[in-house]
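# Tertiary structure, described
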Amino acid sequence: MPVDENTELTLIDHLLELRRRLMWILGIMLPCFALMVPFAQQIYTFVAEPLMANLPAGQHMIATEVIAPFFVPLKVTLMAAFLLTLPHTLYQIWAFVAPGLYRHEKRLVLPLLIASILLFALGMAFAYYLVFPVIFRFLTGITPVGVSMATDIDKYLSFILGMFVAFGVTFEVPVLVILLNRIGVVSVIQLTKARSYIVVGAFVVAAVVTPPDVLSQTMLAIPLILLYEVGILVCRCLGGDRKETALSVQSRRQ
């Protein structure tokens, strides 16, 4: 079936706009990364502090690969540059999709984007300042006598990145709840009835993504449950009992 010329031009315009937005994202993130490279060692030291503060006296982390001391701090710095420029990245994504949204959708999406940034950053801060010290204190405390806890720096980086993502995503729960409610997938009544399942699911998720100690699992599960309740509360304030299904929204557009 032949493609309509106008449709093809529109598609090309979209691709050109997408390329322009991606260039803006990289044009900000890469210079930011370059400016931070001279401080890569200090940035890694900051990230490694929760473990280093809980290692027994005289013990240090190790590098089992020859290039790890060079590349691991660069990876941490790239992660820091990505997080630092995340508001700009999300703005470019918003600017790309905004022309295709209705006015009421714009009023919903923009606040959710801002809330997502703040909540993800809050989740990472919660993990770094509260959860990591507890986890590493527990892990160093159960190390058998005669065993030296020599953690590889690359393995440590992979671990904390996974934990940052886990807690960052967990703190996005209110955004997800509000979004599902506002697009008509679930009502506040259904969200309220699902509380018991959320409690069980929160502890299951916490058991999977955290080390096998009750305290760290609880420190992930409890915020997840509380943030779910925050999402329900916001939905009530926004009039969430007026459930609108995705089908009805689509029919109104047509």
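Thresholds applied
Residues numbered from 1 in each chain as written. Predicted model: local features only at pLDDT ≥ 70, side-chain atom pairs only at ≥ 80, totals over all residues. Heavy atoms only, no water. pLDDT = per-residue confidence, 0-100. Contact = heavy atoms within 4.5 Å. Patch = residues over 30% accessible without salt bridge, like charges linked within 9 Å, V, L, I, M, F, W, Y side chains within 5 Å. Areas by Shrake-Rupley, 256 points an atom, 1.4 Å probe, with all protein chains shown as cover. Salt bridge = Lys/Arg side-chain N within 4 Å of Asp/Glu carboxyl O. Helix = DSSP H or I, 4+ residues; strand = E, 2+ residues; numbered from the N terminus. Buried < 20%, exposed > 50% of the residue type's maximum accessible area, 1.4 Å probe, protein only. UniProt positions renumbered as here; feature names shortened; annotations may be inferred. Phe/Tyr/Trp six-rings, centres within 6.5 Å; stacked < 30°, edge-to-face > 60°. Expected span 1.5 Å × (residues − 1). Bend = angle between axes of the 7 residues up to and from the residue.

Detailed conclusions should not be drawn from predicted coordinates in areas where pLDDT is low. Of all residues in the protein, 91% have pLDDT values of 70 or greater, and the mean over the chain is 83. Below pLDDT 50 for its whole length, residues 1–8 participates in one contact with residues either more than four positions away or in separate chains. pLDDT under 50 marks residues 242–254. Its contacts with residues more than four places away, or in other chains, come to 18 contacts.

This next bit is on a nonpolar patch on the surface. There is a patch of nonpolar side chains on the surface, built from V200, V204, V205, V208 and V209 and spanning about 420 Å² of accessible area. Mapped onto the elements, V208 comes out in helix α9 (residues 195–209). Among the residues examined, V208 registers a relative accessible area of 66% and is labelled exposed.

This part is about the UniProt feature "transmembrane region" (unreviewed entry) in the protein. When the UniProt feature table is mapped onto this chain, "transmembrane region" (unreviewed entry) is found at residues 22–47, 67–87, 108–136, 156–180, 192–209 and 215–235. For residues 22–47, the end-to-end C-alpha separation is 28 Å, with 88% helix and 0% strand making up the annotated structure. The straight-line gap between the two end C-alpha atoms of residues 156–180 is 35 Å; of that span, 92% is helix and 0% is strand.

On to the packing of aromatic side chains, then. In total, this model carries 10 aromatic pairs according to the counting rule given. For the pair F126 and F171, a centre-to-centre distance of 5.6 Å together with 45° between the ring planes defines the contact as tilted. Of this pair, F126 sits in helix α5 (residues 103–141) while F171 sits in the loop between α6 (153–170) and α7 (173–182); the two residues are 45 residues apart in sequence, bridging distant segments of the chain. Taking the centre distance of 5.9 Å and the plane angle of 55° together, the rings of F136 and F159 count as tilted. With a gap of 23 residues between them, F136 in helix α5 and F159 in helix α6 connect regions that are remote in the sequence.

What follows concerns the pattern of salt bridges. Evaluation of the coordinates by the stated rule reveals four salt bridges. Put simply, D154 and K75 hold a salt bridge, and the shortest N to O gap is 3.7 Å. Of this pair, D154 sits in helix α6 while K75 sits in helix α3 (residues 68–84), and the two are 79 residues apart along the sequence. Across the pair R195 and E229 runs a salt bridge whose closest N-O atoms are separated by 2.6 Å. Placement of R195 in helix α9 and of E229 in helix α10 (residues 214–237) is noted, with a sequence separation of 34 residues between them. Exposure remark for R195: the relative accessible area of 32% places this residue in the partly exposed category.

Moving on, we come to helix α2 (residues 40–52). Between its first and last C-alpha, α2 extends 17 Å over 13 residues, near the 18 Å set by a 1.5 Å rise per residue. The sharpest bend along α2 reaches about 35° and sits at F46, with the proline P50 one to four residues further on. Here α2 has its buried residues at A40, I43, Y44, V47, A48, P50 and L51.

Turning our eyes to something else, we now look at the environment of Y91. Structurally, Y91 is set in helix α4 (residues 86–97). Overall, the relative accessible area of 48% leaves Y91 in the partly exposed class. Along the primary structure Y91 and L118 are separated by 27 residues, whereas in three dimensions their C-alpha atoms are 14 Å apart.

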